[in-house]
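So the chains spell out like this:
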Amino acid sequence: AGTCLRATQPLAERAQRALARYRPQLAGKRVFFMPDSQLEIPLARFLNRELGMPLTEVGTPYLDRRMVAAELALLPAAPALSEGQAVARQLDRVRAARPDLTVCGLGLANPLEAEGLATKWSIELLFTPIHGYDQAGDLAEIFARPLHRRALARKAGRLNAGASVHRHTGTPAHRHRSTAARRSRRRRRHPSWPADSTPGTAATTPSRPSRSPISRR
């Protein structure tokens, strides 16, 4: 055991230096894990012990207590553990708790963002190298990004306390309109334009080709 600790100590110290950059941003921020990736329990342990994030709830699709006994022993006693996907009840608990960050599937992230809750897609954790000492800083950055993005938007005066932020640009989500919505507003302003026209271009209506009578022989 002593030999193993001596061998891994430089790696652990390097990981701690990488985590130090993100600890001020994440310490004290409450996190809620929706069940999705089956990685929730070890991730919760990492965020709580290494970065000081309180755990509101840790949900996982399937919980084998024997398999994750070592991880469970390192979790604080306070957070609730939930197994399975009772989505409606879990969403009620998210809305009641209003955590600083919700880790959830893609289908739930956008609606929660629209309600003013910061989210992190759990699927991103499946495709990103996050294992081992060398990836510790990258893993912390994944959770820091959505909080950093909201902080920048709020500092710039583009975000109210309950507003949502566009995931990629950091601008308020209400500014990102669909193409259909933009066309609808344009038609209201310029009712004379045909529905399929755009400013500066002539609308063309394709003519139906004439059909020649078919002779029967």
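Residues numbered from 1 in each chain as written. Predicted model: local features only at pLDDT ≥ 70, side-chain atom pairs only at ≥ 80, totals over all residues. Heavy atoms only, no water.

Some remarks on the nonpolar core
Counting 31 residues, the largest nonpolar core has Leu26, Val31, Phe33, Leu47, Leu51, Leu125 and Phe143 as its most contacted members. Where this core is concerned, the elements lending two or more residues are helix H1 (2-20), strand S1 (31-33), helix H3 (40-51), strand S2 (55-60), strand S4 (101-104) and helix H8 (136-155). Considering each element in turn, this core owes the most residues, seven residues, to H8. Each residue touching Phe33, except ones within four places of it in the same chain, is listed here: Glu40, Leu43, Ala44, Leu47, Leu55, Glu57, Val58, Gly59 and Val103. (Core = buried A, V, L, I, M, F, W, Y, C linked by side-chain atoms within 4.5 Å. Buried < 20%, exposed > 50% of the residue type's maximum accessible area, 1.4 Å probe, protein only. Helix = DSSP H or I, 4+ residues; strand = E, 2+ residues; numbered from the N terminus. Contact = heavy atoms within 4.5 Å.)

Considering unusual backbone geometry
Not every positive phi belongs to a glycine, and Gln38 is a case in point at roughly 70 degrees. Position of Gln38 relative to the elements: it lies in the loop between S1 and H3.

Concerning the pattern of salt bridges
As enumerated under the stated definition, the model contains eight salt bridges in all. The salt bridge partner of Glu113 is Arg150, with a shortest N-O separation of 3.6 Å. Taken as a pair, Glu113 in helix H6 (residues 106-114) and Arg150 in helix H8 lie far apart in primary sequence, 37 residues in all. The class of Glu113 is buried, set by a relative accessible area of 8%. Salt-bridge contacts for Glu124 lead to Lys120; the nearest nitrogen and oxygen are separated by 2.9 Å. Several salt bridges share partner residues, and in doing so they unite Lys120, Glu124 and Arg145 into one network. (Salt bridge = Lys/Arg side-chain N within 4 Å of Asp/Glu carboxyl O.)

Brief notes about the packing of H1 against H8
For the pair H1 and H8, the least separation of the axes is 8 Å and the interaxial angle reads 20 degrees. Accordingly, the angle class assigned to the pair H1 and H8 is roughly parallel. Where H1 crosses over H8, the two elements pack in a sense that is right-handed. Residues Ala15, Ala18 and Leu19 of H1 pack against Ala136, Gly137 and Ala140 of H8. Along the lines of polarity and charge, the residues of the contact of H1 with H8 split into five nonpolar, one polar and no charged. (Axes fitted to C-alpha atoms, helices over the stretch in contact; angles between N-to-C directions. Parallel < 35°, antiparallel > 145°, perpendicular 65-115°, else oblique. Left-handed = near helix turned anticlockwise from the far one by under 90°. Nonpolar A, V, L, I, M, F, W, Y, C, P; charged D, E, K, R; others polar.)

What about a nonpolar patch on the surface?
On the surface, a nonpolar cluster with roughly 340 Å² of combined accessible area is contributed by Ile123, Leu126 and Phe127. Residue class for Ile123 comes out partly exposed when judged on its relative accessible area of 40%. (Patch = residues over 30% accessible without salt bridge, like charges linked within 9 Å, V, L, I, M, F, W, Y side chains within 5 Å. Areas by Shrake-Rupley, 256 points an atom, 1.4 Å probe, with all protein chains shown as cover.)

Looking at the pairing of S4
Here S4 shows a buried face lined by Leu101 and Val103 and a second buried face lined by Thr102 and Cys104. Two elements, S1 and S4, share three bridges in a ladder whose sense is parallel. Bridging from a neighbouring strand, Val31 pairs with Leu101 of S4. Two strands pair when backbone bridges link them, and S4 and strand S5 (residues 119-121) are joined in this way by three bridges, in the parallel orientation. Counterpart to Cys104 in the pairing with S5 is Trp121. (Pairing = 2+ DSSP bridges.)

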